[in-house]
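Understanding the architecture of this molecule
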Amino acid sequence: QVQLVESGGGLVQPGGSLRLSCAASGTIFSILDMGWYRQAPGKQRELVAGITSGGSTNYADSVKGRFTISRDNAKRTVYLQMNSLKPEDPAAYYCHFGSLIGGYWGQGTQVTVSS
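What you are looking at is a predicted structure, and each value in this text was computed from that prediction instead of being measured.

Conventions adopted
Residues numbered from 1 in each chain as written. Predicted model: local features only at pLDDT ≥ 70, side-chain atom pairs only at ≥ 80, totals over all residues. Heavy atoms only, no water. Core = buried A, V, L, I, M, F, W, Y, C linked by side-chain atoms within 4.5 Å. Buried < 20%, exposed > 50% of the residue type's maximum accessible area, 1.4 Å probe, protein only. Helix = DSSP H or I, 4+ residues; strand = E, 2+ residues; numbered from the N terminus. Pairing = 2+ DSSP bridges.

Below, the discussion takes up the nonpolar core. Soluble, globular proteins show a tendency: their nonpolar side chains are buried together. Within the largest apolar cluster, 30 residues are counted, with the highest numbers of intra-cluster contacts made by W36, V78, L80, M82, Y93 and F97. Within the residue set of this core, elements represented by two or more residues are β3 (18-25), β4 (31-39), β5 (46-51), β7 (67-72), β8 (77-82), β9 (91-99) and β11 (109-113).

Written out as structure tokens, the structure is:
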């Protein structure tokens, strides 16, 4: 059974930083793209950042220049470095792995930005 386990969420002041991690356990055949999504209360889930198996990245306009996605294929882990956090960034953050046979979601980790 595949599980994606996220960590690194929490409370941070505006302008602060957090690093999210998401590691896969179980057997996943050919992990392809990895990504981070977020969902704030009353809003739709949105893509924050994605990274392909070849290392190409894409970001939502709202986080460009502040967030960095990276991956460690050997550890089957994806990271999201979040800097200069803003009051509009709080949400539940979810990781997603795509594979040849389907996609997998993490359980979500909460990010709160407050002074």
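All right, on to the pairing of β3 then. Alignment of strand β1 (residues 3-7) against β3, held across five bridges, turns out to be antiparallel. Its bridge partner being in β3, Q3 is matched across the sheet by S25. Bridge analysis of β3 against β8 gives six bridges, and the strand direction is antiparallel. Across the sheet, S21 pairs through a bridge with Y79, a residue of β8.

If you check the backbone angles, R76 has positive phi at about 50 degrees while not being a glycine. Within the secondary structure, R76 is located in the loop between β7 and β8. One non-glycine residue, S84, adopts positive backbone phi at about 50 degrees. Relative to the helices and strands, S84 resides in the loop between β8 and β9. Owing to a relative accessible area of 39%, S84 belongs among the partly exposed residues under this scheme.

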